[in-house]
Protein chains: 2
Amino acid sequence: MKKIMNDPQNIVPEMVAGLVQAYPQYVERLPETEALVRHDKASMENKVGVISGGGSGHEPTHAGFVGAGMLSAAVAGQVFTSPTPDQIYAAIKAADHGKGVFMVIKNYSGDVMNFDMAKDMADLDDIQVKSIVVDDDIAVENSTYTQGRRGVAGTIFMHKIIGAAADQGASLDELEALAKKVLPNIKTIAVALSGATVPEVGKPGFDLADDEIEYGVGIHGEPGYRKEKLQPSKALVTELLGRLKTEFKYQAGDHFAVLINGMGATPLMEQYVFTHDVLDQLAAEKITVDFTKVGNYMTSLDMAGISLTLFKLVDDAWLKGLQYPVDTIAWTQK
Amino acid sequence: MKKIMNDPQNIVPEMVAGLVQAYPQYVERLPETEALVRHDKASMENKVGVISGGGSGHEPTHAGFVGAGMLSAAVAGQVFTSPTPDQIYAAIKAADHGKGVFMVIKNYSGDVMNFDMAKDMADLDDIQVKSIVVDDDIAVENSTYTQGRRGVAGTIFMHKIIGAAADQGASLDELEALAKKVLPNIKTIAVALSGATVPEVGKPGFDLADDEIEYGVGIHGEPGYRKEKLQPSKALVTELLGRLKTEFKYQAGDHFAVLINGMGATPLMEQYVFTHDVLDQLAAEKITVDFTKVGNYMTSLDMAGISLTLFKLVDDAWLKGLQYPVDTIAWTQK
């Protein structure tokens, strides 16, 4: 293992410290936690707070999306480990301005349990909390750390849509209804070229041969559905889009947003080649793509690989939500 | 070599095509070139155009910085290879709106020669062109592809400062004077953990042992100044900051901007740990850091490593230039 770090046991607190030192205009650290709250508290007044969080190792998720128009706070757990309920509760309290707090949770057993416990703590203090559990990964049903499907890169579309609606004054009930309507329209699938190395472990979570890839790997290295020899980008796209088409049963004339997400060690050059093939194949099927984002958004430490998220834009307001102005470290596209 | 691509010979055109398909609201491709011009041409009226470019493999540099407040156009060469004079000239013509064009060039022999030839072509058409050659890398004098010092990540600070001034109506002569004043105040140094693999070559440009790093490596894998065993982040920072301090002779009370740049395969987690150590050590020396950016900005394909750029803020206007609003794919911080 070759990593730029000091003590593997202390890598998350040092990361969080560096992030806050670099971007004090965006985030503040809640005392004695790895929870970060939006710096411009004035912009949260009279609005529902929106929080998210989960294990570290997926940067810029989640702290990179804290800011006006997106998240009010984010909680970082240890690497690939859910944050504790008390830290989540600290984020809830910091994000509540009398209108309640909406939580966006990725579907992992640890996250679901700990966010639920934090909600119970909030109930005792009469803070209203509602939530959505995102399960966008279509690769496999159930998995190493999950009942049902996993929550992966598509979660960021949920952050964006819910963050925009909250900023425009939606109530807690309205956010819950919106999230439930959006959820089945976001689906993701990934391919990995290499495993991720957790600092405290020191070796990759899984191994692939020099010419081998694995379809459907999760963001913690959970198993996918097939290993095979590396294929050209066009063939990877055909495989992944084929799976998404089966799920969506999409048809000519449908409108989608697309997120092409690097897993950490995959250069933008490769991501753009893949993007070219995705958008060409969707155009050939007469799918209209109204919004595209390409880059490292939901990473898996130093994993090489890429994920493809489609978001079916059933409601015109959703595209406006994606385009709604934000001011965060990591999401900034008009 | 395991890369997401189709034909290595065609990787740059496919990348450029994907970028334009993904972000038509930012960039348009000039016909039969790998040159990209700003989509919102209205915002360039009555202003000096600002262009940059160079070999591909450093994404998001340069196309990611095309947009309001930064670059008017960018030219992508083949991987690690200068763009041709005719393509640079196409970018000059597209960026000129009667006030001339300023070129930001990284100091590599091929780039300097080809941008100069493009300027000669512009002279024949009575388009006024001036330029700056950025040579911020303090690691070595002269190098594999360079007379003098190399141009690396600090070039992005130059894009930002010149782009902001041009957007505010600075003349070509004023931009040249500003660039000359800024240039000696931007300095960079890097450390590599692994080499970069050029798609057409198929193996890394240099090898490091499993526990070895190299200080001072360039963004095309040019040799640095010392190999040694991997050190903790704090020790890396001490080494790199020590070299920068020797160059700047900085003193307590000096003001700086800091760019911490991932080389392509280095996770943000590691970049933030390194950031924490950089900002702590600068604080201990009573240096004031007014502006920090962390992320993959000037990459080297799939190289693992990090660079540290310091920009001495001698003039108050420079911080305002860094903070000046932009609207680009890759630089968006307030």
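Residues numbered from 1 in each chain as written. Chains lettered and ligands numbered in written order. Predicted model: local features only at pLDDT ≥ 70, side-chain atom pairs only at ≥ 80, totals over all residues. Heavy atoms only, no water.

Time to look at the overall build of chain A. Along chain A, the regular secondary structure elements total 8 helices and 12 strands. A globule of 334 residues ought to have a C-alpha radius of gyration of about 20 Å, and chain A, at 19 Å, matches this closely. With the principal axes as the frame, chain A shows a C-alpha extent of 55 × 50 × 35 Å. Looking at chain A as a whole, 63% of its 334 residues are labelled buried. Look at the contacts in chain A between residues 6 or more apart in sequence, and 73% of them connect residues 24 or more apart. (Helix = DSSP H or I, 4+ residues; strand = E, 2+ residues; numbered from the N terminus. Rg over C-alpha atoms; globule rule 2.2 N^0.38 Å. Buried < 20%, exposed > 50% of the residue type's maximum accessible area, 1.4 Å probe, protein only. Contact = heavy atoms within 4.5 Å.)

For the match of chain B to chain A, the screw axis carries a shift of 0.0 Å, the RMSD comes to 0.0 Å, and the turn is 180°. Such a combination of turn and shift is consistent with a two-fold rotation axis. When C-alpha distances to the rotation axis are compared across chain B, the minimum falls at Ala265 of chain B, with a value of 2.0 Å. Looking at the interface residues of chain B, 100% of them are also at the interface in chain A, so both copies use one shared face. (Least-squares fit on C-alpha atoms with pLDDT ≥ 70 in both.)

Along the chain, Ser307 of chain A falls in strand β12 (residues 305–312). Once you skip the residues sitting within four places of it in the chain, Ser307 of chain A turns out to touch Ala153, Thr188, Ile189, Ala190, Leu259, Ile260, Asn261 and Met263 of chain A.

So, about the pattern of salt bridges. For the structure shown, the criterion picks out 42 salt bridges over all chains. When the shortest N-O distance is used, the salt bridge between Asp211 of chain B and Lys229 of chain B registers 3.3 Å. Here the residue Asp211 of chain B occupies a position in the loop between β7 (186–192) and β8 (212–215), and Lys229 of chain B occupies one in strand β9 (residues 226–229), the gap between them amounting to 18 residues. You can call Asp211 of chain B partly exposed: its relative accessible area is 34%. Bridged by salt links that share partners, the residues Lys130, Asp173, Glu176 and Lys180 of chain A form one connected network. (Salt bridge = Lys/Arg side-chain N within 4 Å of Asp/Glu carboxyl O.)

The next subject is the packing of aromatic side chains. One pass over the full model with this rule turns up 20 aromatic pairs over all chains. The interplanar angle of 70° and the centroid separation of 5.7 Å between the aromatic rings of Tyr250 of chain A and Phe256 of chain A together place this pair among those described as edge-to-face. One aromatic cluster in this structure is built from Phe65, Phe157, Phe291, Tyr297, Phe311, Trp318 and Trp331 of chain A. Here the guanidinium or amino end of Lys293 of chain A rests over the ring plane of Trp331 of chain A, the centre of that ring lying 4.5 Å away. Of note, Lys187 of chain B hangs over the ring of Phe248 of chain B, and the distance from its end group to the ring centre comes to 5.6 Å. (Phe/Tyr/Trp six-rings, centres within 6.5 Å; stacked < 30°, edge-to-face > 60°. Lys NZ or Arg CZ within 6 Å of the ring centre and 35° of its normal.)

Turning to helix α4 (residues 155–167) of chain B, a few remarks are in order. Residue and element names in this part refer to chain B. Taking 1.5 Å as the rise per residue, α4 with 13 residues should run 18 Å; its terminal C-alpha atoms sit 18 Å apart, in good agreement. Burial runs high along α4: 12 of the 13 residues are buried. Listing the buried residues of α4 in full gives Thr155, Ile156, Phe157, Met158, His159, Lys160, Ile161, Ile162, Gly163, Ala164, Ala165 and Ala166. One or two positions beyond α4, positive phi appears at Gly169, with a value near 100°. (Expected span 1.5 Å × (residues − 1).)

Turning to the sheet that holds strand β6 (residues 129–134) of chain A, a few remarks are in order. Residues and elements named next belong to chain A. The strand order β1-β2-β4-β3-β5-β6 describes an open sheet built from 6 strands, whose pairing is mixed. At either margin of the open sheet sits one strand with a lone partner, and together these are β1 (27–29) and β6. Going across the sheet, the axis of each strand differs from the next one's by a mean of 25°, ignoring polarity. When strand β3 (residues 49–56) meets strand β4 (residues 73–79), the two strands line up parallel, connected through 5 bridges. Paired with Ile51 across the strands is Ala73, a residue of β4. Here helix α3 (residues 109–124) sits on the sheet in contact with β3, β5 (101–106) and β6, set at roughly 165° to β5. (Pairing = 2+ DSSP bridges. Axes fitted to C-alpha atoms, helices over the stretch in contact; angles between N-to-C directions.)

For the rest of this paragraph, the subject is the domain arrangement of chain A. Residues and elements named next belong to chain A. Here chain A is partitioned into domain 1 (12–184) and domain 2 (185–333). Tallying the contact residues gives 49 residues for domain 1 and 49 residues for domain 2. Interface of domain 1 and domain 2: buried area, both sides summed, is about 4000 Å²; carbon and sulfur atoms make up 68% of it. Remark: the boundary between domain 1 and domain 2 carries 2 salt bridges. Between Asp315 and Lys181 there is a salt bridge whose closest N-O contact spans 3.4 Å. Along the contact surface separating domain 1 from domain 2 lie 26 residue pairs in polar contact (both at pLDDT 80 or more). Counting residues per element, the ones that place at least two in the side of domain 1 that touches domain 2 are β4, α4 (155–167) and α5 (172–182). Of the residues forming the side of domain 1 that touches domain 2, the biggest block, 8 residues, is contributed by α4. When its residues are assigned to classes, the side of domain 1 that touches domain 2 shows 27 nonpolar, 13 polar and 9 charged. (Domains from an automatic or database assignment. Buried area = accessible area lost by both parts, 1.4 Å probe. Polar contact = N/O pair within 3.5 Å; in protein donor to acceptor, adjacent residues only side chain to side chain. Nonpolar A, V, L, I, M, F, W, Y, C, P; charged D, E, K, R; others polar.)

All names here are of chain A. That bond from Glu59 to Pro60 is cis: its omega, 15°, falls within 30 degrees of zero. Here Pro60 shows up in the loop between β3 and β4. Unusually for a residue other than glycine, Lys249 sits at a positive phi of about 50°. Relative to the elements of secondary structure, Lys249 occurs in the loop between α6 (233–248) and β10 (255–262). By relative accessible area, Lys249 is classed as exposed at 63%. The phi dihedral of Leu301 is positive, around 50°, even though this residue is not glycine.

Turning to the pairing of strand β12 (residues 305–312) of chain B, a few remarks are in order. Residue and element names in this part refer to chain B. Counting buried residues along β12, 7 of its 8 residues qualify, which places the element largely inside the surrounding structure. The pairing of β7 with β12 spans 7 bridges and is classified as antiparallel. From the neighbouring strand, Thr188 faces β12, where its bridge partner is Thr309. As judged from the 7 bridges shared by strand β10 (residues 255–262) and β12, these two strands associate in the antiparallel manner. Its bridge partner lying in β12, Ala257 is registered against Phe311.

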